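Residue-level listing of the chains:
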Amino acid sequence: GWNVMSVSSQRFTLFADDGKEYPVVSSAVSPHLLRGQSNPSLPSIDEILFDAGFASEEEATDFGVRPGNFIVPVVETVLSANQKRVFSKSWDNRFGLVTILEVLESLKDVDLPVDLIIGANVQEEVGLRGVSGAVEKFKPDVFFALDSSAADDINGNPDAQGQLDNGTLIRVYDPTVVSPVRLVDFLIKTAKDNNINTQYFVSKGGTDAGNAQYQNFGVPSMALGVVSRYIHTHQTVWSIDDFNSAKSLVIAVLKSLNSDIIKGLYN
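Described in the following lines is the structure provided in the data block. Predicted model, so just to flag it, every value in this text is computed and none were measured. (Residues numbered from 1 in each chain as written. Predicted model: local features only at pLDDT ≥ 70, side-chain atom pairs only at ≥ 80, totals over all residues. Heavy atoms only, no water.)

### Here we look at the nonpolar core
Part 1 of the reasoning: With 33 residues, the main nonpolar core has Phe95, Phe144, Leu183, Leu187 and Leu257 as its most contacted residues.
Part 2 of the reasoning: At the level of elements, helix 2 (91–107), strand 7 (143–150), helix 4 (181–193), strand 11 (221–229), helix 6 (240–256) and helix 7 (259–266) are the ones that each hand at least two residues to this core.
Part 3 of the reasoning: Setting aside its immediate chain neighbours within four residues, phenylalanine 95 contacts Leu146, Asp147, Ser148, Leu224, Gly225, Val226, Phe243 and Ala246.
Part 4 of the reasoning: Within the second largest apolar cluster, 9 residues are counted, among which are Val131, Val135, Val177 and Val219. (Core = buried A, V, L, I, M, F, W, Y, C linked by side-chain atoms within 4.5 Å. Buried < 20%, exposed > 50% of the residue type's maximum accessible area, 1.4 Å probe, protein only. Helix = DSSP H or I, 4+ residues; strand = E, 2+ residues; numbered from the N terminus. Contact = heavy atoms within 4.5 Å.)

### Overview of the packing of aromatic side chains
Part 1 of the reasoning: Here the structure, examined in full by the defined rule, presents 9 aromatic pairs.
Part 2 of the reasoning: When the centroid spacing of 5.8 Å and the interplanar angle of 65° are considered together, the rings of tryptophan 91 and phenylalanine 95 count as edge-to-face. Highlighted residues: tryptophan 91 and phenylalanine 95, both in helix 2, separated by 4 residues, approximately one helical turn.
Part 3 of the reasoning: For phenylalanine 95, a relative accessible area of 1% corresponds to the buried category. (Phe/Tyr/Trp six-rings, centres within 6.5 Å; stacked < 30°, edge-to-face > 60°.)

### Overview of the packing of helix 4 against helix 6
Part 1 of the reasoning: Here helix 4 crosses helix 6 at 110°, and the two axes come no closer than 10 Å. As judged from the angle between their axes, helix 4 and helix 6 are roughly perpendicular. When helix 4 is examined against helix 6, the residues Phe186, Leu187, Thr190 and Ala191 are found in contact with a partner set consisting of Leu249, Ala252, Val253 and Ser256. (Axes fitted to C-alpha atoms, helices over the stretch in contact; angles between N-to-C directions. Parallel < 35°, antiparallel > 145°, perpendicular 65-115°, else oblique.)

### Brief notes about unusual backbone geometry
Part 1 of the reasoning: A cis amide bond links aspartate 92 with the next residue in sequence, asparagine 93, at an omega value of 15°.
Part 2 of the reasoning: Even without a glycine there, the phi angle at histidine 232 is positive, about 65°.
Part 3 of the reasoning: Positionally, histidine 232 belongs in the loop between strand 11 and strand 12 (236–239).
Part 4 of the reasoning: The exposure class assigned to histidine 232 is partly exposed, which follows from its relative accessible area of 26%.

### A short note on the sheet that holds strand 3 (residues 50–51)
Part 1 of the reasoning: Read from one edge to the other, the open sheet built from 4 strands follows the order 3-2-1-4, with strand pairing classed as antiparallel. Taken across any chain shown, the strands that pair with only one partner, and hence form the sheet edges, are strand 3 and strand 4 (70–73).
Part 2 of the reasoning: Judged from the 2 bridges that link them, strand 2 (residues 21–26) and strand 3 form a sheet pairing that is antiparallel. Counted as the bridge partner of valine 25 is aspartate 51 from strand 3. (Pairing = 2+ DSSP bridges.)

### Brief notes about the environment of threonine 99
Part 1 of the reasoning: For threonine 99, the position within the fold is in helix 2.
Part 2 of the reasoning: Residues threonine 99 and aspartate 260 lie 161 residues apart in sequence; the distance between their C-alpha atoms is 26 Å.
Part 3 of the reasoning: In this view, threonine 99 contacts Leu146, Phe243, Lys247 and Val250; residues no more than four positions away in its chain are not counted.
Part 4 of the reasoning: A polar side-chain atom of threonine 99 sits 2.7 Å from the main-chain carbonyl oxygen of phenylalanine 95. (Polar contact = N/O pair within 3.5 Å; in protein donor to acceptor, adjacent residues only side chain to side chain.)

### Focus: the pattern of salt bridges
Part 1 of the reasoning: A full pass over the atoms with the stated rule returns 8 salt bridges.
Part 2 of the reasoning: Between arginine 85 and aspartate 165 there is a salt bridge whose closest N-O contact spans 2.2 Å. One end of the pair, arginine 85, is in strand 6 (residues 85–88); the other, aspartate 165, is in the loop between strand 7 and strand 8 (168–174), and 80 residues separate them in sequence.
Part 3 of the reasoning: Taking the relative accessible area as the measure of exposure, aspartate 165 reaches 29% and is therefore partly exposed. (Salt bridge = Lys/Arg side-chain N within 4 Å of Asp/Glu carboxyl O.)

### Remarks on the layout of surface pockets
If a probe as big as a water molecule is rolled over the atoms, it shows which places are left empty.
Part 1 of the reasoning: There is about 470 Å³ of room inside the second largest pocket.
Part 2 of the reasoning: Lining of the second largest pocket is provided by 23 residues; of these, Ala150, Ser203, Lys204, Gly205 and Ile231 occupy positions nearest its centre.
Part 3 of the reasoning: When residues of the lining of the second largest pocket are assigned to their parent elements, the largest contribution, 4 residues, is made by strand 7.
Part 4 of the reasoning: Residues of the lining of the second largest pocket, tallied by class, amount to 7 nonpolar, 9 polar and 7 charged. (1 Å grid on protein atoms, 1.4 Å probe; cavity = no way out; pocket = protein on both sides within 12 Å on 5 of 7 lines; lining within 4 Å. Points joined across faces, edges and corners; volume = space filled by probe spheres on them. Nonpolar A, V, L, I, M, F, W, Y, C, P; charged D, E, K, R; others polar.)

### Re helix 4
Part 1 of the reasoning: Under the 1.5 Å per step criterion, the end-to-end length of helix 4 is 18 Å for 13 residues, consistent within 8% with the ideal 18 Å.
Part 2 of the reasoning: Taken as a whole, helix 4 has its buried residues at Leu183, Val184, Phe186, Leu187, Ile188, Thr190 and Ala191.
Part 3 of the reasoning: The inward-facing, buried residues of helix 4 abut strand 7, strand 8, strand 10 (198–202), strand 11, helix 6 and helix 7. (Expected span 1.5 Å × (residues − 1).)

Geometry only, nothing functional implied.
Written out as structure tokens, the structure reads:
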């Protein structure tokens, strides 16, 4: 899911076997070497090298580097000048992790009308793999994925879907899920009852909800979340107001959901 235009000529950190961290630079072709080419093309992802500066394979091995080591972008998280937005990496899907942690903190002394199971699944970006085991293990009656989606609001079109500061998302469709109508209705009513700002959203990408719905003979599933600019790059821009709206909706949903509503999703 990487945009090749954002991968070249960036700083990364490589994590070696012994836990040591080494600086890495992603390769890029200098403009001097492109002179004379009538139509230079972008590289593909598998053509980009990650250069840690070692002089040989033997030297890299001596430093504990091996195939399969992880590298991550080097990015500083900062607040915008107006203190309304944040610049950071991996908001898709650090958003989900931060949200569930804050929701759990908010609900730690609250008796809920349902049994709540919250977790984080691995490898969503490479085939929605982790959620299958989680749903099979815990067998939920209803499933919500918390995720960040791509904002489309930098061209000045107020009708484009996914606008920063317009609230949390009511995702009605994506390529992996047609959101259950009764579940959508429940979310809309909950948001209105609690004065939570929302915006409708149709996504071109899927979430763990897409795989969750296939498990255990069918689980009503839907994604909740926010939009962010430039996701799947090194620098994501997201709205603090949107995050607060999303967190408020998750809390309101968990307080409102009960056995009668769940039964209604299956009838």
